[in-house]
Each structure stands twice: as C-alpha cells, then as structure tokens.
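Okay, here's what each chain looks like letter by letter:
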Amino acid sequence: MNSFLLVFSLVLFFVAAWFAWRYYDLKKRISGYANIIRNRPENLPTDLKGFEDLSNAIASLQTTFDLQLSALDSDNAKLSAILDQLTDGVMIADANGFIQFANPAAQKLFEISNALGSSVTEILRNHQLVDAWRRCQQTGEMQSESVELPARRQFLQLIAIPDTHAGGSLLLAQDLTRVRRLETVRRDFISNVSHELRTPLASLKALTETLQSGALSDPEAGPRFLGRISTEVDALTQMAQELLDLSRIESGQVELILAPLTPKSLVTSAADRMRMQAERAGLKLSVKCEDNLPNIRADKSRLEQVLVNLIHNAVKFTRPGGEVSLETESANGGVRFAVRDSGVGIPAESLSRIFERFYRVDKSRTGSGTGLGLSISKHIIEAHGGKIWAESNEGRGSTFYFVIPLN
Ligand SMILES: Nc1ncnc2c1ncn2[C@@H]1O[C@H](COP(=O)(O)OP(=O)(O)OP(=O)(O)O)[C@@H](O)[C@H]1O
Ligand SMILES: [Mg+2]
C-alpha cells in the first residue's frame, strides 16, 4: 500500500513538474513574443510553437492594420498637398481660439511665419474679422465677413465655419483684391467711355442745331459746320474702332499671326506710312537700323500698328521744326525698337500712367485722341512676350521703347 502511495506521489510530482515547466516555458515564449511585438513588430515570427493560431491571427491583424495605415498616410499626403497648393487660406482653431493648423496660403495672407499656437485675434488683427469668428463660436453658425485692409492694400473675405464636434472652428480666408480691382477698372472704364462720348456728341448736337437754325443756307458757314461734323464723326468712329480693338485684344480674341520678320522691313514700312503726316506737321522723320539684326517672330500688321501709334503720338506732341527718329538695335535676347521725338515731353508723374486706358496727360493740350493708343500698343507687345516703356525729359522730348524677344 505504502509503495503504491509512493509511486502515485512520484507520478503526481512529475506530472506537476511537467506542467510547471510547460507553464514556465510558455510564459517565457509569450513574453518573448510580446517583446518582439513591442520592439520589432515588422519581424513577427509566425511559428510560435503551440500558439500558431494566435500568432497567425496577430500577424493577419497586423497586415490589415499596416494596409489601413498606408491608405491613411496616402490620404493624408493628398490632403496636405491640396492644402499646400490651395490659394485660399485655411486655418483650424480650437475651442479656446488657438490655431491648430494653418496652410501656407493663410500664413501668406496674414503675413505670419508660424501661426501654430497663436490666437485667432493675433492672426486676424482686424476687429471685424475677429467679430465674425466670435459670432461663429457663439451662435454655432457659419459667418462671413469682407474687409478692406488699407495698410496692406488688400481686400479679404473670411468665412468662419463651426466645428460642432470639437467646439473649434474652421477659418477660410480669400484674397479678393484682384476681383475688386477688376470691378473698379470696369466701373472706371464705363464712366470714361460715357465721358469721352459726351463731348463729341454734344458738339454734333450743337453743330446740327446751328445748321437747322439757318446756317445751312449760309454759303460760307454751312460747309464749314458740315466739315466739323464730319471730323467729329471720324473721331467717334476711330474711338469705336479702338475700343473694339482693345476689348478684342484684352479678351484674347485676337490671334497673333506670327511669322519671321526682318526688323528693318517693319520699321521702314511704318515710317513710309507716317512720312506724309510728319512732313505736313513740319517734322523730320528718320530711320536708323542696325545692320545684321536677327529676324523676329511677330505679327507684322500688329507690330506695325504699334509703331504707327507711337509715331503718330510723336508727331502729335512735337512742334514744327522738330525731329522724330526710329531706331532699331539688338538688345539682350531680343530686338529693341525706339521712337524718339524732340517734342513737349511727359511729366515724370505721368510716365507710369500713360499706358492706362483713356489716360491723357493734359486733355486740353492733346486735342484729338482718346487715350487708347498706348494701352492697345502695350497689349500687343505683351502678347508677343515683349515689354514696352517710355522715358522722357519734359520740354525736351520723349522716347518710347519696346523689346520683342527672339523666341
Ligand atoms: N510722344 C509723346 N510725347 C508727349 N506725350 C505723349 C507722347 N506719347 C503719348 N503721350 C501722352 O500719353 C497720352 C496717352 O497716349 P495715347 O496714345 O494712349 O493716347 P492719345 O494719343 O491721346 O489718343 P489715341 O492714341 O487713342 O488717339 C497722350 O494723351 C499724351 O498725353
Ligand atoms: Mg496716341
């Protein structure tokens, strides 16, 4: 009996020892496995003895997780590329009004280098915009506000959208400066056109009334008034044509017909067209053209129109006995044309404005002309990829230059 008990206890001991050892071994392997998961999850062993099912399940979980992570990464990259490239400013503020995110456009619009952590008030620096954001926080509704910032010569629009989950807000800022400027230009343009139309129309009215009230039968005054009517109609027609040209060129409807062109032929043919007019005004018109100039690619009739406009101005603003000269020479990367006159000149403060539509230095002095010639010329030169500018010495003369690049 005793020996049976002894054997039984021995067996029991060995069984317990075996289980203890198994338990110890398993614990050791599991903690080793846990260590691997913690430190090198990319090298997970799939053959954890006795736990194949578990390790397989973890490995497949990890693969799914990796896939989701990389999809998330690529979504993130797309989103941040969009936010980086967006021309509108985007900012996210938390519930306390601290900026958590700002894209480059927002930093540029508000002229800040690092917006993160700054307060909305610090960034917006304008009480109307800050009020809009506050209203959005208080009401939980979208708010929008547009302001002009005279110091920065900017027109901004801010849209504040509440974030109902986090209690913060999304701020979108748009720079409307260009749109506003275009609106102003359009308004000015319309008022200028109506103003320019009023003068010739008023003279036409006065002239016809005079004719109606008896001047028609006057053998001397009748034809004179008719002649003046014809001049006014010509001026109106020219203005209508110039306006049409300008709007076509500005809207890109005029297609340039580019072809190789020798600078000399261009200058000579423009000079030939204007020679009579210059001589009639008592002016000497000369052409200087550098030899061996390279050909340019240009629309001949358009460039000739520019030269004719410039010569026409030179003739108009130079007193009899003066000189007008056309010069052509190579400039770096292109050919430079110049129309030089010894005329009345242009005051320094007007030099930057003469290329604007309808701008005339001294409306009483110029007499005929609508102030469109130079702005048409500027558009034509820019459509060729070139540049046009003027230099002048008041009382001594002006020179208009333009460069046409070689390619
Ligand atoms: N060579 C020049 N000398 C002096 N002033 C000039 C000269 N060229 C242009 N200007 C000034 O610039 C203004 C604008 O010129 P622009 O050619 O655009 O208009 P315009 O000659 O008055 O009219 P348009 O050309 O439409 O008939 C002129 O009114 C004139 O005041
Ligand atoms: Mg002109």
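A quick note: this is a predicted structure, and the numbers were derived from the prediction, not measured. (Residues numbered from 1 in each chain as written. Chains lettered and ligands numbered in written order. Predicted model: local features only at pLDDT ≥ 70, side-chain atom pairs only at ≥ 80, totals over all residues.)

Colleague: Would you mind going over the site of ligand 1 with me for this structure?
Modeller: Taken together, 23 residues are adjacent to ligand 1, and Arg360, Val361, Gly369, Gly373 and Leu374 come closest. Among the elements of the structure, helix H9 (300-316) and helix H12 (373-383) are those that each provide at least two residues to the shell around ligand 1. Residues belonging to the shell around ligand 1 are distributed by class as follows: nine nonpolar, eleven polar and three charged. (Near = placed C-beta within 6 Å. Helix = DSSP H or I, 4+ residues; strand = E, 2+ residues; numbered from the N terminus. Nonpolar A, V, L, I, M, F, W, Y, C, P; charged D, E, K, R; others polar.)

Colleague: Please explain the domain arrangement of the chain as it appears in this structure.
Modeller: Accessible area lost on assembly of the parts is the figure often given for the size of an interface. Taken domain by domain, the chain consists of domain 1 (2-81), domain 2 (86-175), domain 3 (185-250) and domain 4 (259-405). In this structure, domain 1 and domain 2 have C-alpha centres spaced 51 Å apart. (Domains from an automatic or database assignment.)

Colleague: Could you clarify how one ought to interpret the sheet that holds strand E3 (residues 143-149) in this entry?
Modeller: One key point about sheets: their strands pair by backbone hydrogen bonds, in either a parallel or an antiparallel sense. With antiparallel pairing, the five strands of this open sheet are ordered in space as E2-E1-E5-E4-E3. On the outer flanks of this sheet lie strand E2 (99-102) and E3, each paired with one strand and no other. Here the average twist between neighbouring strands, direction ignored, is 20 degrees. Two strands pair when backbone bridges link them, and E3 and strand E4 (residues 154-162) are joined in this way by seven bridges, in the antiparallel orientation. Following the sheet pairing, valine 147 is matched in E4 by leucine 156. (Pairing = 2+ DSSP bridges. Axes fitted to C-alpha atoms, helices over the stretch in contact; angles between N-to-C directions.)

Colleague: Just to check I follow, could you spell out the sheet that holds strand E11 (residues 387-393) for this structure?
Modeller: Across the sheet, which stays open at both edges, the five strands sit in the order E7-E9-E10-E12-E11 with mixed pairing between neighbours. Here the strands that pair on one side only, and so sit at the sheet edges, are strand E7 (284-289) and E11. Shown here is a sheet whose adjacent strand axes are inclined to one another by a mean of 15 degrees, direction ignored. One ladder, built from seven bridges, connects strand E10 (residues 334-341) with strand E12 (residues 397-405); its direction is antiparallel. Considered in E12, the bridge of phenylalanine 337 is made with phenylalanine 402. Helix-sheet contacts for helix H8 (residues 263-280) involve E7, strand E9 (323-331) and E10, and the interaxial angle to E7 is about 175 degrees. (Contact = placed C-beta atoms within 7 Å.)

Colleague: Help me understand helix H5 (residues 127-139) in this model?
Modeller: Structurally, the α-helix is built with 3.6 residues per turn, so residues lying three or four positions apart point the same way. In this model, H5 (13 residues) spans 18 Å end to end at C-alpha, consistent with the 18 Å of a helix rising 1.5 Å per residue. Of the positions making up H5, those classed as buried are Leu129, Val130, Ala132, Trp133 and Cys136. Relative to the axis of H5, the buried residues are bounded by an arc of 155 degrees and lie together on one face. Structural note: H5 exposes His127, Gln138 and Thr139 on the side pointing more than 90 degrees away from its buried face. With its phi angle positive at about 70 degrees, glycine 140 sits one or two positions after the end of H5. (Expected span 1.5 Å × (residues − 1). Buried ≥ 20, exposed ≤ 12 C-beta atoms within 10 Å, placed from the backbone. Arc of directions from axis to C-beta.)

Colleague: I keep staring at the pairing of E2 and nothing clicks. Help me out?
Modeller: Every regular strand shows the same layout, with side chains that alternate between the two sheet faces. Examined bridge by bridge, strand E1 (residues 89-93) and E2 share three bridges and lie antiparallel to one another. Bridge pairing in E2 places alanine 93 opposite isoleucine 99. Linking two consecutive strands that pair antiparallel, namely E1 and E2, is a turn of five residues; a positive phi of about 85 degrees is found at glycine 97 within it.

Colleague: Which parts of the structure should I look at to understand the packing of H8 against H9?
Modeller: Working note: a packed helix pair is described by the angle between its axes plus the distance between those axes. For the pair H8 and H9, interaxial distance at closest approach is 9 Å and the crossing angle is 35 degrees. Considering the relative orientation of H8 and H9, their crossing is right-handed. On H9, the residues that touch Leu266, Val267, Ser269, Ala270, Arg273, Met274, Gln277 and Ala278 of H8 are Lys300, Leu303, Glu304, Leu307, Val308, Ile311, His312 and Val315. Taken together, the residues that form the contact of H8 with H9 break down as ten nonpolar, three polar and three charged. (Left-handed = near helix turned anticlockwise from the far one by under 90°.)

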